[in-house]
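Chain by chain, the residues run as shown.
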Amino acid sequence: MSGPILVFDSGVGGLSVVASLRRRLPEAALAYACDNAMMPYGVREDDWLVARILEVCGAAVAASGCAGLVVACNTASTLALEALRAHLAVPVVGTVPAIKPAAGMSETRHIGLLATSATVARPYTLRLIREFAGDCRVTRMAADPLVAEAERRVMGSSPDPDVLLRTLAPLAEMPSLDTMVLGCTHFPLLREGLIEAAPRHVRWVDSGDAIARRAGQVMAGHDRHRGSETGWVTAPSEALARGLSGFGFTETRLLPLA
Ligand code: DGL
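Since we're looking at a predicted model, the values are computed, not measured. (Residues numbered from 1 in each chain as written. Predicted model: local features only at pLDDT ≥ 70, side-chain atom pairs only at ≥ 80, totals over all residues. Heavy atoms only, no water.)

Undergrad: How would you sum up the overall build of the protein? Please name residues and give values.
TA: A count of helical and extended segments in the protein gives eleven helices and ten strands. Structurally, the protein occupies a C-alpha span of about 50 × 40 × 35 Å along its principal axes. The proportion of buried residues among the 258 residues of the protein is 55%. Sequence separation of 24 or more characterises 74% of the internal contacts of the protein that already satisfy a separation of 6 or more. Positive and negative side-chain charges in the protein, numbering 25 and 26 respectively, have mean positions lying 5 Å apart. (Helix = DSSP H or I, 4+ residues; strand = E, 2+ residues; numbered from the N terminus. Buried < 20%, exposed > 50% of the residue type's maximum accessible area, 1.4 Å probe, protein only. Contact = heavy atoms within 4.5 Å. Lys, Arg positive; Asp, Glu negative; His and termini not counted. Charge placed at Lys NZ, Arg CZ, Asp CG, Glu CD.)

Below is the structure:
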């Protein structure tokens, strides 16, 4: 297998998965693609989203010449993973909320899911909950405003602490909840702020390391030579280019879409 591992998200959220991939596969060449022209995905219609994800991922796989694709977006994976696998000729690793590990860790059997409004309502997510957390109470919390705060952080501004405080305020009324799933890849980028804003201590769980481990298995033997790494975007943005270069994607290019 040759070519980089391509990481895709609507915006900068996939960079939290890039951080896990860099830790687990330090030699791996990565490329990044994001649909910044159309983000956030979490508030969009399903049919439109499937068509758009197929179009952008198809174009990014072709442009990057990647060995495989990591869909570092829960909103996209819980909707379009099967369609992507049918449509693309490279292996595809998806990202789904870490319900199973969270259920394994919770002592009180009450876990939370912090994700986009699309992800918390998806049949895929409900199936995960039934299958892996059947004996837990699962409180689903839509937190779309955190996506924009993570974008601001990567682009060099501080996240608004009031948004984080408001999002996590309901935790004060749920003393039994001991484990919170970060079910959107943007949210681990706000981890310190979330810990500070939470009204009390909870355990935070995300999927980054599990995805990196899976990518290492699926794409074993791919080209490990790291050269200059490219970030593909769907709209020009200097702030985004600077943010991407902070994660090693020093060259930013506009993705050619049909
Ligand atoms: N990072 C994405 C996820 O994991 C979604 C953010 C968005 O709404 O675009 O769900």
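Undergrad: Go over the site of the ligand, please, and point to the residues and values.
TA: As a structural note, the neighbourhood of the ligand is formed by 13 residues, with S10, Y41, G42, T75 and H186 the closest of them. Between the ligand and the protein, one listed contact pairs a nitrogen atom with a side-chain N or O atom of H186 at 2.8 Å. For the ligand, whose unbound accessible area comes to 300 Å², protein coverage reaches 100%. Taken atom by atom, the bulk of the ligand overlaps the largest cavity. Among the residues forming the shell around the ligand, the class breakdown is five nonpolar, seven polar and one charged. (Near = heavy atom within 4 Å. Polar contact = N/O pair within 3.5 Å; in protein donor to acceptor, adjacent residues only side chain to side chain. Areas by Shrake-Rupley, 256 points an atom, 1.4 Å probe, with all protein chains shown as cover. 1 Å grid on protein atoms, 1.4 Å probe; cavity = no way out; pocket = protein on both sides within 12 Å on 5 of 7 lines; lining within 4 Å. Sits in = over half its atoms within 2 Å of the grid points. Nonpolar A, V, L, I, M, F, W, Y, C, P; charged D, E, K, R; others polar.)

Undergrad: Give me the lowdown on the sheet that holds strand β4 (residues 92–93), citing residues and values where you can.
TA: With respect to topology, six strands assemble into an open sheet ordered β4-β3-β1-β2-β9-β10, the strand pairing being parallel. Only two strands of the sheet have a single neighbouring strand rather than two, namely β4 and β10 (251–254). In terms of strand pairing, strand β2 (residues 30–34) meets strand β9 (residues 230–233) through three bridges, oriented parallel. Each residue of the ladder has a partner; that of A33, found in β9, is W232. (Pairing = 2+ DSSP bridges.)

Undergrad: Give a detailed account of the packing of helix α2 (residues 46–64) against helix α3 (residues 74–87), specifying residues and quantitative values.
TA: Two elements in contact, α2 and α3, have axes whose closest approach is 9 Å; the angle formed by their N-to-C orientations is 55°. One element, α2, and the other, α3, form an angle in the oblique class. Every pair of crossing elements has a handedness; the one defined by α2 and α3 is right-handed. On the side of α2, the interface is formed by D46, L49, V50, I53, L54 and C57, while α3 contributes T75, A76, L79, A80, A83, L84 and H87. The residue inventory of the contact of α2 with α3, partitioned by class, reads ten nonpolar, two polar and one charged. (Axes fitted to C-alpha atoms, helices over the stretch in contact; angles between N-to-C directions. Parallel < 35°, antiparallel > 145°, perpendicular 65-115°, else oblique. Left-handed = near helix turned anticlockwise from the far one by under 90°.)

Undergrad: Got a sec to walk through the nonpolar core? Specific residues and values, please.
TA: V70, L114, L146, F187 and L194 are the most contacted members of the largest nonpolar core, which has 48 residues in total. Apart from the residues within four sequence positions on either side, F187 is in contact with L114, A115, A143, L146, V147, L182 and L194. Counting residues in hydrophobic clusters, the runner-up holds 26 residues, among them I53, L69, V71 and V92. (Core = buried A, V, L, I, M, F, W, Y, C linked by side-chain atoms within 4.5 Å.)

Undergrad: If you had to explain the layout of surface pockets to someone new, which residues and values would you point to?
TA: Counted as a void, the largest pocket has a volume near 600 Å³. G94, T95, V96, Y124 and A210 are, among the 27 residues lining the largest pocket, the residues nearest its centre. Of all the secondary-structure elements, those providing two or more residues to the lining of the largest pocket are α3, β4, α4 (99–105), α6 (123–132) and α10 (208–218). Considering each element in turn, the lining of the largest pocket owes the most residues, seven residues, to α3. Taken together, 20 residues line the second largest pocket, and the ones lying closest to its centre are S16, S20, R23, P188 and D206. (Points joined across faces, edges and corners; volume = space filled by probe spheres on them.)

Undergrad: How would you explain helix α7 (residues 145–154) if you had to name every residue and give the values?
TA: Those residues of α7 that fall on the buried side of the exposure criterion are L146, V147, E149, A150, E151 and V154. Check the buried side of α7 and you find it contacts α1 (14–24), β5 (110–115), α8 (161–168), α9 (191–197) and α11 (238–245). Positive backbone phi, at 100°, marks G156, one or two positions downstream of α7.

Undergrad: Give me the lowdown on empty space enclosed by the protein, citing residues and values where you can.
TA: Across all of its chains, the model carries one cavity of 30 Å³ or more by this definition. Estimated volume of the largest cavity: approximately 70 Å³. D9, S10, P40, Y41, G42, C73, T75, T116, V147, C184, T185 and H186 together form the lining of the largest cavity. For the lining of the largest cavity, a count of residues per class yields five nonpolar, six polar and one charged.

Undergrad: Help me get a handle on the packing of aromatic side chains, residues and values and all.
TA: This model, assessed by the stated rule, comprises two aromatic pairs. Geometrically, the ring pair formed by F8 and Y41 is tilted, given 6.4 Å between the ring centres and 45° between the ring planes. Remark: Y41 occurs in the loop between β2 and α2 and F8 occurs in strand β1 (residues 5–9); sequence separation between them is 33 residues. Residue Y41 is classed as buried on the basis of its relative accessible area of 1%. Judged by centre distance (5.6 Å) and plane angle (40°), the ring pair of Y32 and F249 falls under tilted. Here F249 lies in the loop between α11 and β10 and Y32 lies in strand β2, a separation of 217 residues in the sequence. Owing to a relative accessible area of 0%, Y32 belongs among the buried residues under this scheme. Taking relative accessible area as the criterion, F249 reaches 0% and is therefore assigned buried. We note R22 situated over the ring of F249; from NZ or CZ to the ring centre the distance is 5.2 Å. The ring of W48 has R44 lying over it, and the distance from NZ or CZ to the ring centre is 4.5 Å. (Phe/Tyr/Trp six-rings, centres within 6.5 Å; stacked < 30°, edge-to-face > 60°. Lys NZ or Arg CZ within 6 Å of the ring centre and 35° of its normal.)

On their own, these measurements won't tell you what the molecule is for.
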